[in-house]
Amino acid sequence: MLTMKNLPLSLALAAISGALTLKSPAEWSPRVRRAYVLAPGAAIGVIVAAALRRGAQQGRELAAAGRVDLVTPATAKSDGGADCPAPLPSYVRTNAGSQRTTTIALTALAGAVGVASSGILALTLVVDERMETWLLRRGAARPRLVMAVITAVTSLVLDLIMDSKDAEHASP
C-alpha cells in the first residue's frame, strides 16, 4: 500500500510549491529575475567548493596519519631476491604542485556546478513562460492556476513515489 511518511509536511510543501507558481516570473523586475538565476548558482558553487575542500583536507589528514592507504606500493625483486619497494606511480606521488593542481581542479568543478545550476534556473524561466503561453493558446482562462495545480499534484506524487521507494529499501 502506498502511504506518505509525513502527510502534513507533504501537503504543506505541495501547497507552497503551488502558491509560488501562481506568480508569473514575467512580472518580476529584471533585478529579481537576475537574482533568481545567479544567487542560487553562486551559493551552490560556494557550498560545493567548501565540501570538496573539506573532503580533500580530510583525505590528506587521514593519509598523513596513516589511517588511509590509498595505494600500497608493490615490492619488486632485484639483485639476488631482496625485496625493495617499487617507485610510486606519478599520480600517487605528492608534491606542492599536485596539491595546487588539485585545488584548482576542485575549484573549477565547484564553479562548473554553480554555472550549471544557474543555467538550469534560467532554463526554468523559459519553460515557465512557454508553458503559460501554451496554456493561454489552448484557452485556459487562468493558466497560472492550472500550472499551480499541476505543480502541487506533481509534488505529492513525487513524495509518494520517494516514500514508497524508501519503504522498499527499508524492508528486509
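Residues numbered from 1 in each chain as written. Predicted model: local features only at pLDDT ≥ 70, side-chain atom pairs only at ≥ 80, totals over all residues. Heavy atoms only, no water.

(A) How the structure looks around a nonpolar patch on the surface. Taken together, the side chains of Leu22, Leu145, Val149, Val153, Val157, Leu158, Ile161 and Met162 make up a nonpolar region of the molecular surface, amounting to roughly 680 Å² of accessible area. Along the chain, Leu22 turns up in the loop between α1 (7–21) and α2 (30–64). (Patch = residues over 30% accessible without salt bridge, like charges linked within 9 Å, V, L, I, M, F, W, Y side chains within 5 Å. Areas by Shrake-Rupley, 256 points an atom, 1.4 Å probe, with all protein chains shown as cover. Salt bridge = Lys/Arg side-chain N within 4 Å of Asp/Glu carboxyl O. Helix = DSSP H or I, 4+ residues; strand = E, 2+ residues; numbered from the N terminus.)

(B) Spotlight on the layout of surface pockets. Its volume calculated, the second largest pocket comes out at about 440 Å³. Among the elements of the structure, α1, α3 (96–137) and α4 (143–170) are those that each provide at least two residues to the lining of the second largest pocket. Among the residues forming the lining of the second largest pocket, the class breakdown is nine nonpolar, five polar and three charged. (1 Å grid on protein atoms, 1.4 Å probe; cavity = no way out; pocket = protein on both sides within 12 Å on 5 of 7 lines; lining within 4 Å. Points joined across faces, edges and corners; volume = space filled by probe spheres on them. Nonpolar A, V, L, I, M, F, W, Y, C, P; charged D, E, K, R; others polar.)

(C) Inspection of the side chain of Thr21 at higher detail. Considering the arrangement of structural elements, one finds Thr21 in helix α1. In this structure the side chain of Thr21 is engaged in a polar contact, spanning 3.4 Å, whose partner is the side chain of Thr151. Every residue in contact with Thr21, bar those within four places of it in the chain, is listed here: Arg144, Met147, Ala148 and Thr151. (Polar contact = N/O pair within 3.5 Å; in protein donor to acceptor, adjacent residues only side chain to side chain. Contact = heavy atoms within 4.5 Å.)

(D) Seen up close, the pattern of salt bridges. By the definition in use, this model includes three salt bridges. Notably, a salt bridge pairs Glu132 with Arg144, separated by 3.2 Å at the nearest N-O pair. Of this pair, Glu132 sits in helix α3 while Arg144 sits in helix α4, and the two are 12 residues apart along the sequence. For the pair Glu132 and Arg144, one class covers both residues: buried. (Buried < 20%, exposed > 50% of the residue type's maximum accessible area, 1.4 Å probe, protein only.)

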